[in-house]
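Topology and contacts: notes
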Amino acid sequence: MSLAAIRLLDPQLEQTAALVQRRCMAELRSLGAGAEPAAPPPQTYHVLPWLFRDVFDPVEDAVLERVAVSGLLYFSHVTTLDQALDGDRSIGGAELLLASRMHERALTLLFPILPHDTVAWDRLAAYVREYAAAVLAERSLARRLQPFPSDRFEEVARGKSAVLKGAPLMLACATGAEDRLPAIESALDAIAVAAQIEDD
């Protein structure tokens, strides 16, 4: 979903995306010189936590901002590693180190809002594994120059969007509503498959 579409749902979200972008830029500047270009332009990812705010108990905007900025840093880290593994472009040691620092900062931003016994870390790791497997499967299938089997297509589509489940995951764990995750994950999986069909 584009920001233009989200604007139709809630015009305030465009301003929210700009605010999250500023927070993300500030975090990147704190990581060191040259980090700012890693910030993605304002898009749907910037406002993901707000799209789920009505699913959970009332959550303060400060918590939503923290989850959003953490998610952007985390996704930038995953994207950099993906590009390095794929050989899409040359990535030096400094950029890999920055990706590592983005990963560390993304997690530490979440520590204050999550209980010590949270299931968030294990589930987030599972999302990353699902994403990595989907990327590798897509590359393997693309080299065969034949149609994807429908079940593999859906598996890849779900996996490529798996990391986006991190926002509702963190909100669920922060509010003690982990029991709502299966339904949310199923809905996001269906959206991911539909989006991949439209994209293809």
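The structure this text deals with has already been given above.
Let us look at the structure shown here. (Residues numbered from 1 in each chain as written. Predicted model: local features only at pLDDT ≥ 70, side-chain atom pairs only at ≥ 80, totals over all residues. Heavy atoms only, no water.)

The next thing to look at is the overall build of the protein chain. Along the backbone of the protein chain there are 9 helices and 0 strands. The secondary structure elements of the protein chain, listed N-terminal to C-terminal, are α-α-α-α-α-α-α-α-α. In the protein chain, which comprises 200 residues, the share counted as buried stands at 42%. Of all intrachain contacts in the protein chain linking residues separated by at least 6 positions in sequence, the fraction that spans at least 24 positions is 71%. Carbon and sulfur atoms make up 55% of the accessible area of the protein chain, which totals about 10,800 Å². (Helix = DSSP H or I, 4+ residues; strand = E, 2+ residues; numbered from the N terminus. Buried < 20%, exposed > 50% of the residue type's maximum accessible area, 1.4 Å probe, protein only. Contact = heavy atoms within 4.5 Å. Areas by Shrake-Rupley, 256 points an atom, 1.4 Å probe, with all protein chains shown as cover.)

Throughout the structure, instances matching the rule amount to 6 salt bridges. Here arginine 105 makes a salt bridge to glutamate 27, at a shortest N to O gap of 2.7 Å. Remark: glutamate 27 occurs in helix α2 (residues 12-31) and arginine 105 occurs in helix α5 (residues 93-110); sequence separation between them is 78 residues. On the accessibility criterion, arginine 105 (28% relative accessible area) is partly exposed. We note a salt bridge from arginine 152 to glutamate 155, for which the minimum N-O separation is 3.0 Å. With arginine 152 and glutamate 155 both in helix α7 (residues 150-160) and 3 residues apart, this pair spans about one turn of that helix. When its relative accessible area of 28% is taken as the criterion, arginine 152 is described as partly exposed. According to the relative accessible area criterion, glutamate 155 is partly exposed, its value standing at 40%. (Salt bridge = Lys/Arg side-chain N within 4 Å of Asp/Glu carboxyl O.)

When you tally the buried positions in helix α8 (residues 166-175), you get 8 out of 10 residues, the bulk of the element. Restricting attention to buried positions, one finds in α8 the residues Gly166, Ala167, Pro168, Leu169, Met170, Leu171, Ala172 and Cys173. The positive-phi residue at the C-terminal boundary of α8 is glycine 176, with phi of around 70°.

On to the nonpolar core, then. Val67, Leu73, Leu169 and Met170 are the most contacted members of the largest nonpolar core, which totals 46 residues. Of all the secondary structure elements, the ones that give two or more residues to this core are α2, α3 (48-51), α4 (61-86), α5, α6 (120-142), α8 and α9 (181-199). In this view, leucine 169 contacts Ala120, Arg123, Leu124, Tyr127 and Leu181; residues no more than four positions away in its chain are not counted. (Core = buried A, V, L, I, M, F, W, Y, C linked by side-chain atoms within 4.5 Å.)

Quick look at the environment of alanine 106 now. Tracing the chain through its elements places alanine 106 in helix α5. Classification of alanine 106 as buried rests on a relative accessible area of 0%. C-alpha separation for the pair alanine 106 and serine 76, spaced 30 residues apart in sequence, amounts to 9.9 Å. Those residues in contact with alanine 106, other than ones at most four positions away along the chain, are Ser70, Leu73 and Tyr74.

Let us now look at the packing of α7 against α9. As a packed pair, α7 and α9 sit with axes 8 Å apart at the nearest point and diverge in direction by 110°. The pairing of α7 with α9 is recorded here as roughly perpendicular in orientation. Counted together, Phe153, Glu154, Ala157, Arg158 and Lys160 of α7 and Asp189, Ala192, Val193, Gln196 and Ile197 of α9 form the full contact between these two elements. Here the residues of the contact of α7 with α9 sort into 5 nonpolar, 1 polar and 4 charged. (Axes fitted to C-alpha atoms, helices over the stretch in contact; angles between N-to-C directions. Parallel < 35°, antiparallel > 145°, perpendicular 65-115°, else oblique. Nonpolar A, V, L, I, M, F, W, Y, C, P; charged D, E, K, R; others polar.)

Here we come to the side chain of threonine 118. Structurally, the position occupied by threonine 118 is in the loop between α5 and α6. Exposure remark for threonine 118: the relative accessible area of 12% places this residue in the buried category. Of the polar contacts made by the side chain of threonine 118, one reaches the backbone nitrogen of alanine 120; its length is 2.9 Å. (Polar contact = N/O pair within 3.5 Å; in protein donor to acceptor, adjacent residues only side chain to side chain.)

These values are about where atoms sit, not about what they do.
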